[in-house]
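If you want the building blocks of each chain, they are given just below.
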Amino acid sequence: MKETSLQLYKQNHTFTLNEPDSPILNTALACKIGFYESVTLLQLALLMPISNQDGEKGIYKSIRDLQEKSLPFLPLDTVNKAIKSLKKKNLIMTKPVRNKRLLWISLNFKEFEKLNCVTI
């Protein structure tokens, strides 16, 4: 019986099962803005289906919640630094939510598209 190319591939490669919300790595983006910033930015982009009252797309998250649920392999301090770096690079915008430890986090799509290594 002749083996298919998929069977041959499976014999010679290791497969891991990805979860649907597993972080994505884009090496070109990581080289441009930094590894932690890249992983954090792409994870935020995956979480962005919510629109606020002004029609902006974004999410309500605390940095701790983002780290615990979306980036559990990174220390909280690293996620916090990545968020600050993304803000400084004008790739994301944040607004504190009154009376809560949440932030409204949104992508700056104009700056995001200027990176030329990701498509929205």
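Since this is a predicted model, take the numbers as computed values, not measurements.

Draft legend 1. Representation of the confidence of the model for the protein. For the protein, the mean per-residue pLDDT works out to 83, and 76% of the residues sit at or above 70. The secondary structure element of the protein with the lowest average pLDDT is strand 1 (residues 50-51), at 59, and the one with the highest is helix 5 (residues 76-88), at 97.

Draft legend 2. Here's a closer look at the packing of aromatic side chains. Scanning the entire structure with this criterion turns up 2 aromatic pairs. A ring pair is formed by phenylalanine 35 and tyrosine 36, whose centres lie 5.3 Å apart and whose planes are at 75°; its orientation type is edge-to-face. Under the relative-accessibility criterion, phenylalanine 35 is labelled partly exposed at 42%. Overall, the relative accessible area of 40% leaves tyrosine 36 in the partly exposed class.

Draft legend 3. Here's a closer look at the environment of lysine 61. Among the structural elements, lysine 61 can be located in strand 2 (residues 57-61). Taking the relative accessible area as the measure of exposure, lysine 61 reaches 14% and is therefore buried. Measuring from C-alpha to C-alpha, the distance between lysine 61 and tryptophan 104 comes to 6.7 Å, with 43 residues separating the pair along the chain. Contacts of lysine 61, omitting those with residues within four sequence positions, involve Leu47, Leu66, Leu102, Leu103 and Ile105. Looking at lysine 61, its side chain comes within polar contact range of the side chain of aspartate 65, at 3.1 Å.

Thresholds applied
- Each chain carries its own residue numbering, running from 1 in the direction its sequence is written.
- Residue-level local features of this predicted model are given only where pLDDT is at least 70; pairs of side-chain atoms are given and counted only at 80 or more, and the full residue set underlies all totals for whole chains, interfaces and linings.
- With hydrogens and water excluded, all non-hydrogen atoms of the structure serve as input to the side-chain values.
- pLDDT gives the predictor's per-residue confidence on a scale running from 0 to 100.
- A run of DSSP states H or I qualifies as a helix once it reaches four residues; a run of E qualifies as a strand once it reaches two. Both are numbered from the N-terminal end.
- Between 30 and 60 degrees the pair is tilted, below 30 it is stacked and above 60 it is edge-to-face, where a pair is any two Phe, Tyr or Trp rings, Trp via its six-membered ring, whose centres lie within 6.5 Å.
- Here the term buried applies to any residue with accessible area under 20% of the maximum for its type, exposed to any over 50%, and partly exposed to those in between, with areas from a 1.4 Å probe on protein chains only.
- Any two residues whose heavy atoms approach within 4.5 Å are treated as being in contact.
- By the criterion applied in these results, polar contacts are pairs of N or O atoms within 3.5 Å in which, for protein atoms, one can donate a hydrogen and the other can accept it, and in which residues neighboring in sequence qualify only through two side-chain atoms.

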